[in-house]
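Listed below, chain by chain, are the residues.
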There are 2 protein chains.
Amino acid sequence: MDQNREKIMELATRLYDLDAEVYRCLGSSLGRVYTGRRDDCIESLAALMSGGRQTYMLRSELALVGNMARTIPDKASYVRVMAQYDQILKEIQALPDTFGKVDIVDKDRVQLNWIDLKNRFSENDHLIICIGRTQGCAGTDIGFALADALKINFYDTEIFSSVRKRLESEQDNAPDSIGSDVYPFLNPNPPQGHPTLPQLMANFNRYHGLLREDAVFFNESDLICNMAKKEDFVVMGRCADVVLANNRIPHISVFITAPFELRVQRIMETHGLDRKRASRLLRQLDRRRSSYYHFYTGRKWGDPVNYDLCLNSACYGIEKSVELIARMINQQIDPPAQA
Amino acid sequence: MDQNREKIMELATRLYDLDAEVYRCLGSSLGRVYTGRRDDCIESLAALMSGGRQTYMLRSELALVGNMARTIPDKASYVRVMAQYDQILKEIQALPDTFGKVDIVDKDRVQLNWIDLKNRFSENDHLIICIGRTQGCAGTDIGFALADALKINFYDTEIFSSVRKRLESEQDNAPDSIGSDVYPFLNPNPPQGHPTLPQLMANFNRYHGLLREDAVFFNESDLICNMAKKEDFVVMGRCADVVLANNRIPHISVFITAPFELRVQRIMETHGLDRKRASRLLRQLDRRRSSYYHFYTGRKWGDPVNYDLCLNSACYGIEKSVELIARMINQQIDPPAQA
C-alpha cells in the first residue's frame, strides 16, 4: 500500500508539473488545468488516482491536459510534452484502481465471437455471418452481395422454403423405399465432399409432433447448426444468431436497418406501391419479423444489445455496407466488378 | 425492349444449363434447382429477370445454384462452373430491372459520412467521431482509448463542464476590461496556432436570454461545430451527431451499449454499489440521457436508425471495441501498449 501511495504521489506530481509545462509552452492561463495551490492539486490528483467512483474525473483531466498539449505550436516542445504525457498516461493506466480497469465483457459471447476466434485459432472455425434486418433496408441485397464478395454460401428464407417444398413434394411422390442413389446422404459413404442443402434438409426433417411452424423452425435451427460445422455462409434472419449462440457455435451477428421514411420510398420503388400501401406493408412485415424473433428467442428484435453490431444502411448504401462489414470482420474482398 | 427480351432469354437459358451442369457434376437430383420442363423453367426464369416484385426470388435461386456449385468436389469442374456462375450473375446484375437495383441511401447523410469523404477528398475534412452510449457499457472508456489510439483530442461532459466552471469563476473575479494577455482569443492576431478549448468556450458564451441548460446546450453545440472545423476529435454525447449533421459537418456517429445485466455488474464494481442501487442508478442515468437526446433532437436515443453504427461492447470488451471502430473507419492504430 505504501509503495502504491508513493507511486501515486510521484505520478500526481509529474502530471501537475506537465500541466504547468503545457501552460508555459502555450503562454495562456486558459491552457492550464490545475490552477490551485500546488500541494492541494497534487493531493486531490492523488486521491483520484487511488480509485473510487471519481476516477472518471481523472480520465477527463488527463484528456484535457492532452488536448491542450496537442495545441502547442512549437514542434520540439510538442514532441517532448506529448512523450511525457503518453508515459504518464501509461503509468496511470497501470495503477490497480484507475479508470478503464473494469472491462465490459460477456465472456460467453466473446468466446463465440468469430472475429476474435480468428486471431486465436486461425482456420479452425467457419465464418458465419447472421444478418437480421428490417423490411426495405436492402439488408438481403447486402447479405447476398457480401456472400458473393466473400465467395461463401448464402441462405435466405426463400432458399430454405423452396428446398423444403421440393423435398416435401418429392417425398409425397416417392416410393416407400428410397434408395441411396436418389438421396445420397442415406449412403453411409457418400461419394462426394460435403452434402448439399437439400440433402441436409431431408436429413433434418423431424419434430413431427409439433405445429408445422415450430417444426419448421426447429428443423431449420438444426440445419443451420449442422451447416455451421461444415461451411462458411451468410444467413438471413431465422434467429440464426440466437440458435448458434445457444449451440455455442462461433459467428458474427449483424442487424441492418434504415430510417422508416427511406425504407418506405424504397418499397414504393421495388414493389410499385403508393406511399400508404408501402407503409402498411412495411409495418406488417416488420411486425411479423419482430414477433417471430421474440417468440423464438424471448428477446427484443432490433435492440442493439442483442447483436454484435447494428448498421444503418442508409448511411452507406448497398455496396459500401458490404465493404464496411467485410472490413469489420477483417476480410479482404475484391473491389466490386463494374458490370 | 426486344433486345432486352433476347438478352434475358439468353441468360435464362444459360442459367438453366448451368444448373443442369452442376447437377451432372454432383450426380444427385437434389443438387438441381430447376427440375421442371426445360422451356417452362426458362420461361419463368425470364419472367423473374424482367423485373417486378419477385426479383428477390431470382436472387435466392441464383444463390441456390451458386451454393450447390460450391460443393462440386472435382477441382477443375468447380473452377469452370464457378466462372460461368460469376459471369451469369454479373450479367443479370447489369439488367435494368433486376434485384439490388434500388439502393437505400440517405443522400444527405452519405454526403456527411466521413468514411466516404475520406475516399473522395483525403485530408480535407477532420475526423470527428461522435459516441453516444448507455451508462455502464464502458462507452467513455472506449472513446478515451480510441482518441488516445488515434492520437486525437477527446471531449466528454466533465471536460466541457469543468472548463465552463472555471471560465465562469474567472469571469466573476475578472476586472471589467479583460486584456488580450489573459484571453488571447480577444487578440485579432493570436500568436499561437489554433485556440484551446477554454479560449473557444469563452468566445462562445452567449445565448443569455435562454434557460441555463439550453444556453449551455447551444453554447456547446456552437463550440463543437467550431472545433470540428479545426481539429480531429472524439466527442462523447452532447447530441454531437445531430448538431454536426444539422450544420452539415462530416462525422461518424456510433452508439455503444451492452446488455443491462452486464452493465449493472460493471456499475456495482466501479461504483461499489449493491445490485439494487446499481440498477436504479443505471435506469436513472439512461433515462436522463434518453430525454436529453429526445428533447434536443426529437429522436429516439439508442435507436439504430439514428446512428451510422451501433456496437455491443460486451461482445468485444474495451480494447477490442477500440480496434473494431478503428478498423471500421479504416484507420491504423498501434497495438495497445502493455503497461
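In this text, all values refer to a predicted model and were calculated from it rather than measured experimentally. What you see as residue numbers is a count from 1 along each chain, following the sequence as written. Naming scheme: in the order in which they are written, chains are lettered from A and ligands are numbered from 1. Local features are withheld for residues below a pLDDT of 70 in this predicted model, meaning they are given only at 70 or higher, and side-chain atom pairs are given and counted only at 80 or more; totals for whole chains, interfaces and linings count all residues. Computation of side-chain values: all heavy atoms of the structure, hydrogens and water removed.

### Considerations on the overall build of chain A
Looking only at helices and strands, one finds 14 helices and five strands in chain A. Exposure categories follow from relative accessible area, calculated using a 1.4 Å probe and restricted to protein chains: below 20% of the type maximum is buried, above 50% is exposed, and the middle band is partly exposed. Looking at chain A as a whole, 53% of its 339 residues are labelled buried. Of the contacts made within chain A by residues no fewer than 6 positions apart, 65% connect residues no fewer than 24 positions apart. Each accessible area is a Shrake-Rupley result for a 1.4 Å probe, and residues are judged covered by the shown protein chains and nothing else. As displayed, chain A offers around 15500 Å² of accessible surface, 49% of which is attributable to carbon and sulfur atoms. Helix and strand assignments come from DSSP, with helices taken as H or I runs of at least 4 residues and strands as E runs of at least 2, each series counted from the N terminus. Contacts are residue-level and defined by heavy atoms, with any inter-residue pair within 4.5 Å sufficient.

### Looking at the packing of aromatic side chains
All names here are of chain A. Classification of ring pairs rests on two measures: the distance between centres of Phe, Tyr or Trp rings, Trp counted by its six-membered ring, which must be within 6.5 Å, and the angle between planes, read as stacked under 30 degrees, edge-to-face over 60 and tilted in between. Enumeration over the complete set of coordinates arrives at 26 aromatic pairs over all chains. Geometrically, the ring pair formed by phenylalanine 295 and tyrosine 296 is edge-to-face, given 4.9 Å between the ring centres and 85° between the ring planes. Pairwise contacts between aromatic rings join Phe217, Phe218, Tyr292, Phe295 and Tyr296 into one cluster.

### Some points on the packing of helix H3 (residues 55-69) of chain A against helix H7 (residues 139-150) of chain B
Helix axes use the C-alpha atoms of the stretch in contact, all axes being lines fitted to C-alpha atoms, and the angles between their N-to-C directions lie in the range 0 to 180 degrees. It is at 12 Å that the axes of H3 of chain A and H7 of chain B come closest, and there the two elements cross at 20°. Accordingly, the angle class assigned to the pair H3 of chain A and H7 of chain B is roughly parallel. The crossing of H3 of chain A and H7 of chain B is left-handed. Of the residues in H7 of chain B, those touching H3 of chain A at Arg59, Leu62 and Ala63 of chain A are Thr140, Asp141 and Phe144 of chain B. Orientation is classified from the angle alone, with under 35 degrees giving roughly parallel, over 145 giving roughly antiparallel, 65 to 115 giving roughly perpendicular, and any other angle giving oblique. Rotating anticlockwise by less than a right angle from the far helix to the near helix defines a left-handed crossing, while the corresponding clockwise rotation defines a right-handed one.

### As for the sheet that holds strand E3 (residues 233-236) of chain A
As a general point, the strands of a sheet are linked pairwise by backbone hydrogen bonds and lie either parallel or antiparallel. By the convention used here, strands pair only if DSSP detects at least 2 bridges between them. On the basis of which strands lie adjacent, the open sheet formed by ten strands has the order E2(A)-E3(A)-E1(A)-E4(A)-E5(A)-E5(B)-E4(B)-E1(B)-E3(B)-E2(B) and mixed pairing. The open sheet is flanked by strand E2 (153-155) of chain A together with strand E2 (153-155) of chain B, the only strands paired with a single partner. Each strand of the sheet is rotated relative to its neighbour by a mean of 20°, with strand direction disregarded.

### Focus: the interface of chain A and chain B
Listed as interface residues are 105 residues of chain A and, on the opposing side, 104 residues of chain B. Joining two parts hides part of their accessible area as seen by a 1.4 Å probe, and the buried area is that hidden amount summed over both. The contact between chain A and chain B buries some 8600 Å² in all, and 60% of this surface belongs to carbon and sulfur atoms. Each polar contact in these results corresponds to two N or O atoms within 3.5 Å; when the atoms are within protein, one needs to be able to donate a hydrogen and the other to accept it, and residues that are neighboring in sequence are counted only if both atoms are side-chain atoms. The interface formed by chain A and chain B includes 22 residue pairs in polar contact (both at pLDDT 80 or more). It is H3 of chain A that contributes the most residues to the side of chain A that touches chain B, ten residues altogether. Among the residues making up the side of chain A that touches chain B, the classes are represented as 51 nonpolar, 30 polar and 24 charged. One ladder, built from three bridges, connects strand E5 (residues 309-312) of chain A with strand E5 (residues 309-312) of chain B; its direction is antiparallel. The classification used treats Ala, Val, Leu, Ile, Met, Phe, Trp, Tyr, Cys and Pro as nonpolar, Asp, Glu, Lys and Arg as charged, and all other residues, Gly among them, as polar.

### Quick look at the pairing of E3 of chain A
Residues and elements named next belong to chain A. Covered by surrounding structure in E3 are Phe233 and Val235 together with Val234 and Met236, the residues of both alternating faces. Where E2 meets E3, three bridges bridge the pair, whose relative direction is parallel. For phenylalanine 154, the partnering residue across the bridge sits in E3 and is valine 234.

### Considerations on the side chain of serine 60 of chain A
By secondary structure assignment, the location of serine 60 of chain A is in helix H3. On the basis of relative accessibility, which here comes to 2%, the residue serine 60 of chain A falls in the buried class. Sequence-distant contacts of serine 60 of chain A, defined by excluding residues within four places in its chain, comprise Asp156, Glu158 and Ile159 of chain B.

### Side note on the relation of the copies chain A and chain B
Note on the copies: chain A fits chain B at an RMSD of 0.1 Å, the axial shift is 0.0 Å, and the rotation between them is 180°. Here the symmetry operator amounts to a two-fold rotation axis. In terms of C-alpha distance to the rotation axis, chain A has cysteine 310 of chain A as its closest residue, with the C-alpha 2.4 Å off the axis. Most of the interface of chain A is mirrored in chain B, where 99% of its interface residues again form contacts. Only residues with pLDDT of at least 70 in both copies contribute their C-alpha atoms to the least-squares superposition of the copies.

### Quick notes on the state of the cysteines
All names here are of chain B. In what follows, a disulfide is any cysteine sulfur pair within 2.5 Å. For the structure on display, the rule yields zero disulfides over all chains. For the unlinked cysteine cysteine 41, the closest cysteine sulfur is that of cysteine 25, found at 19 Å. Of all cysteine sulfurs, the one in cysteine 130 lies closest to cysteine 239, which takes part in no disulfide; the gap is 10 Å. Classification of cysteine 239 as buried rests on a relative accessible area of 3%.

### Some remarks on the nonpolar core
Nonpolar cores were defined as sets of buried Ala, Val, Leu, Ile, Met, Phe, Trp, Tyr and Cys residues, with membership established by side-chain atoms within 4.5 Å. Of all hydrophobic cores here, the largest spans 181 residues; its most connected members are Met49, Ile92 and Ile129 of chain A together with Met49, Ile92 and Ile129 of chain B. Of all the elements, helix H1 (residues 2-26) of chain B adds the most residues to this core, at nine residues. Those residues in contact with isoleucine 92 of chain A that lie beyond four places of it in its chain are Leu11, Leu15, Met49, Leu58, Leu62, Thr98 and Phe99 of chain A.

### Considerations on helix H12 (residues 260-271) of chain B
All names here are of chain B. By this rule, a helix spans an expected 1.5 Å times one less than how many residues it contains. Given a rise of 1.5 Å per residue, twelve residues ought to cover 16 Å, and the 16 Å separating the end C-alpha atoms of H12 matches this to within 8%. Listed in full, the buried residues belonging to H12 are Leu262, Arg263, Val264, Arg266, Ile267 and His271. Trailing H12 by a residue or two, glycine 272 shows a phi angle of about 60°, which is positive.

### Describing the pattern of salt bridges
By definition here, a salt bridge exists when the distance from a side-chain nitrogen of Lys or Arg to a carboxyl oxygen of Asp or Glu is within 4 Å. Inspection of the entire model under this criterion finds 30 salt bridges over all chains. The shortest N-O distance in the salt bridge between arginine 24 of chain B and glutamate 21 of chain B comes to 2.2 Å. Of this pair, arginine 24 of chain B and glutamate 21 of chain B both sit in helix H1, separated by three residues, roughly a single helical turn. Glutamate 21 of chain B sits in the buried class, given a relative accessible area of 12%. Linked through salt bridges whose partners overlap, the residues forming this network are Lys7, Glu10, Arg14 and Glu91 of chain A.

### Focus on the confidence of the model for chain A
Each residue carries a pLDDT score, the predictor's own confidence in it, on a scale running from 0 to 100. Scored by pLDDT, chain A has a mean of 82; 80% of the residues are at 70 or more. Counting interchain partners and residues more than four positions distant, the pLDDT-below-50 stretch residues 174-191 of chain A has 19 contacts.

### Thoughts on the pairing of strand E3 (residues 233-236) of chain B
Across four bridges, the pairing between strand E1 (residues 128-133) of chain B and E3 of chain B is parallel. When the sheet's bridge partners are listed, isoleucine 131 of chain B is paired in E3 of chain B with methionine 236 of chain B.

### Some remarks on unusual backbone geometry
Positive phi values are uncommon outside glycine, yet arginine 238 of chain A reaches one of about 60°. Within the element layout of this structure, arginine 238 of chain A appears in the loop between E3 and helix H11 (240-246). For arginine 238 of chain A, a relative accessible area of 15% corresponds to the buried category. Here lysine 151 of chain B, not a glycine, exhibits a phi torsion of approximately 55°, which is positive.

### Structural notes on the packing of H7 of chain B against helix H14 (residues 317-328) of chain B
Residues and elements named next belong to chain B. Where H7 meets H14, the closest approach of the two axes is 9 Å, and the angle between their N-to-C directions is 55°. What the angle tells us is that H7 and H14 run oblique. You can see that H7 and H14 cross each other, and the crossing is right-handed. Across the interface between the two elements, Asp141, Ile142, Ala145, Leu146 and Ala149 from H7 touch Ile318, Ser321, Val322, Ile325 and Ala326 from H14. Partitioning the contact of H7 with H14 into residue classes produces eight nonpolar, one polar and one charged.

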